[in-house]
Number of protein chains: 2
Amino acid sequence: MRVTNGAVSASRRAGSPGEGGAVTAGQTGRRRADAVRNQAAILTATRGTLSANPDATMAQIAHAAGVGRVTLYGHFSNRAELIDAALADVLHRGNGVLEQLDLDGDPREALGRLVVSSWKLVDESRSLLAAAQRELPEGRIRDLHGDLEGRVRRLLERGQQEGLFRADLPVDWLLATMHALMHGAANEIAAGRLEPDDAGPMLRATLLGAYAPPGDA
Amino acid sequence: MRVTNGAVSASRRAGSPGEGGAVTAGQTGRRRADAVRNQAAILTATRGTLSANPDATMAQIAHAAGVGRVTLYGHFSNRAELIDAALADVLHRGNGVLEQLDLDGDPREALGRLVVSSWKLVDESRSLLAAAQRELPEGRIRDLHGDLEGRVRRLLERGQQEGLFRADLPVDWLLATMHALMHGAANEIAAGRLEPDDAGPMLRATLLGAYAPPGDA
DNA sequence: ACTAACTCATACATTCCTGTTCGAGTAAAG
DNA sequence: CTTTACTCGAACAGGAATGTATGAGTTAGT
């Protein structure tokens, strides 16, 4: 209910769905404190609820946020708009994490740091992403993802140039490998076959192995 | 009369299409040829349609099978039952592939053969599996999967014992890695970033790297 | 050719979700 | 303490999907 996190959550995303007659559309009048609080709670609940079940109902999300269904529609006039906002929120947060991370130095060590400190975010967003995939227009997801992906891609490219990551496979594939393994880890945890604390190290070890130039230490 | 003779519901576990099998629990009446044909068409259509869209409607599946919706219900009385049968079909087929495969000799080469010749099946079943995950009861999926998984697991264990696969990570995780990467490859293909023909070799290369004992060729 | 097995379109009852409207109540900002 | 911003439940219209029923037509076995 009072999941008050300090997230700013660039609220009104007038993306593709119509400008929405949500609570304070456009009008930058005074914004009441509880409204801000509720909006943050809704985004958090969206993340959490959809992670457990990508088909969760608007009613379920509202309930999880400790808010009436009508209030939810007051903040986000669409299911699409809600998911868009939630995804943007998670991605923005992830970008923040990466910004504070030192990706210089030995690419292998940088990769290790990156994986260990960010895989949990991927975990959280994985089902959200699944939901987004069938609710949001074509390019939207990639747009939102762009920033985050660029950072990782640059690290991988640097590693290849320095001969520390294998260059016989395209960067796109290395990126996909990373995504896939993180999602796989999340699945294993959900299935109870993997301890959450073990996930980071295992991912690091597996990825470093997968990225190592063939026939070499 | 109609096909809904009341006993049809519980008896739809026939493996691959073309495999005769009993129609009714008690009375094996004569089974007409077009009925067998249609049932096979339905299973195929289920696989194909759900692969494109895990939320596909019964109506869509029926249409894709070139069959009326009512006819579909004549063969499978539930959505769950249909998906169960389709998944069993795919898995049975996969088992057939693995049976004909030589998994002896150098585990690394065996793994390569396994991946290249079976990843496509995983591709086909991935969305089917997603559909099954929210439509089928808890243990059912794992039950159906059991046989298939056992084969791979044995190969991995042997590789570990022979010192050719890393033993610092549990077999469960190596298995999960394989799954995750295959799904990832399927995604990349769906997104147009990977050529279907490249997937097999890339998977092979990546997995061999990931499985190699740390600090070694 | 006869009959049982099967198919199909139409139509109906049910259930569930979405998005909107209403009016009355409550919390916050000045 | 007054105004404004927001919240809430209940209720409604709409759409969409599931599963069932009916009856007339078609296909295939013997």
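In the block above lies the structure referred to throughout.
Residues numbered from 1 in each chain as written. Chains lettered and ligands numbered in written order. Predicted model: local features only at pLDDT ≥ 70, side-chain atom pairs only at ≥ 80, totals over all residues. Heavy atoms only, no water.

**Quick notes on the relation of the copies chain B and chain A**
- When chain B is fitted onto chain A, the two copies agree to an RMSD of 0.1 Å after a turn of 180 degrees and an axial shift of 0.0 Å. Such a combination of rotation and displacement between the chain copies is what one expects of a two-fold axis. Using C-alpha coordinates, one finds that chain B approaches the rotation axis most closely at Ala210 of chain B, a distance of 2.0 Å. (Least-squares fit on C-alpha atoms with pLDDT ≥ 70 in both.)

**Focus on the side chain of Asn95 of chain A**
Residues and elements named next belong to chain A.
- Of note, Asn95 is situated in helix α4 (residues 79–99).
- Within the structure, Asn95 has its side chain in polar contact with the side chain of Arg151 (distance 2.7 Å).
- In contact with Asn95, other than residues within four places in its own chain, are Asp147, Leu148 and Arg151. (Helix = DSSP H or I, 4+ residues; strand = E, 2+ residues; numbered from the N terminus. Polar contact = N/O pair within 3.5 Å; in protein donor to acceptor, adjacent residues only side chain to side chain. Contact = heavy atoms within 4.5 Å.)

**Describing the interface of chain B and chain A**
- The interface is formed by 26 residues belonging to chain B together with 26 residues belonging to chain A.
- Summed over both sides, the interface between chain B and chain A buries roughly 2100 Å², with carbon and sulfur atoms accounting for 67% of that surface.
- For the pair chain B and chain A, the number of links is 2 salt bridges.
- Salt-bridge contacts for Asp55 of chain A lead to Arg134 of chain B; the nearest nitrogen and oxygen are separated by 3.0 Å.
- Inspection of the chain B/chain A interface yields 6 residue pairs in polar contact (both at pLDDT 80 or more).
- For the side of chain B that touches chain A, the secondary structure elements donating two or more residues are α7 (171–190) and α8 (196–211) of chain B.
- Residue contributions to the side of chain B that touches chain A peak at 9 residues, all from α7 of chain B.
- For the side of chain B that touches chain A, a count of residues per class yields 13 nonpolar, 5 polar and 8 charged. (Buried area = accessible area lost by both parts, 1.4 Å probe. Salt bridge = Lys/Arg side-chain N within 4 Å of Asp/Glu carboxyl O. Nonpolar A, V, L, I, M, F, W, Y, C, P; charged D, E, K, R; others polar.)

**Thoughts on the packing of helix α8 (residues 196–211) of chain A against α8 of chain B**
- Close contact between α8 of chain A and α8 of chain B brings their axes to 7 Å; oriented N to C, the two are set at 125 degrees. One way to sum up the angle between α8 of chain A and α8 of chain B is to call them oblique. Here α8 of chain A and α8 of chain B pass one another in a crossing that is right-handed. Across from Thr206, Gly209 and Ala210 of chain A in α8 of chain A, the residues of α8 of chain B making contact are Thr206, Gly209 and Ala210 of chain B.
- Within the contact of α8 of chain A with α8 of chain B, the residues separate by chemical class into 2 nonpolar, 4 polar and no charged. (Axes fitted to C-alpha atoms, helices over the stretch in contact; angles between N-to-C directions. Parallel < 35°, antiparallel > 145°, perpendicular 65-115°, else oblique. Left-handed = near helix turned anticlockwise from the far one by under 90°.)

**A closer look at the pattern of salt bridges**
- Under the counting rule described, the total for this entry stands at 34 salt bridges over all chains.
- Between Arg158 of chain A and Glu162 of chain A there is a salt bridge; the shortest N-O distance is 3.0 Å.
- What makes Arg158 of chain A partly exposed here is its relative accessible area of 23%.
- We classify Glu162 of chain A as partly exposed; its relative accessible area is 42%.
- The shortest N-O distance in the salt bridge between Glu99 of chain B and Arg151 of chain B comes to 3.7 Å. Taken as a pair, Glu99 of chain B in helix α4 (residues 79–99) and Arg151 of chain B in helix α6 (residues 140–161) lie far apart in primary sequence, 52 residues in all.
- Accessibility expressed as a relative area gives 21% for Arg151 of chain B, which makes it partly exposed.
- Here the salt bridges share partners, and the residues they tie into one network are Asp55 and Arg134 of chain A together with Asp55 and Arg134 of chain B. (Buried < 20%, exposed > 50% of the residue type's maximum accessible area, 1.4 Å probe, protein only.)

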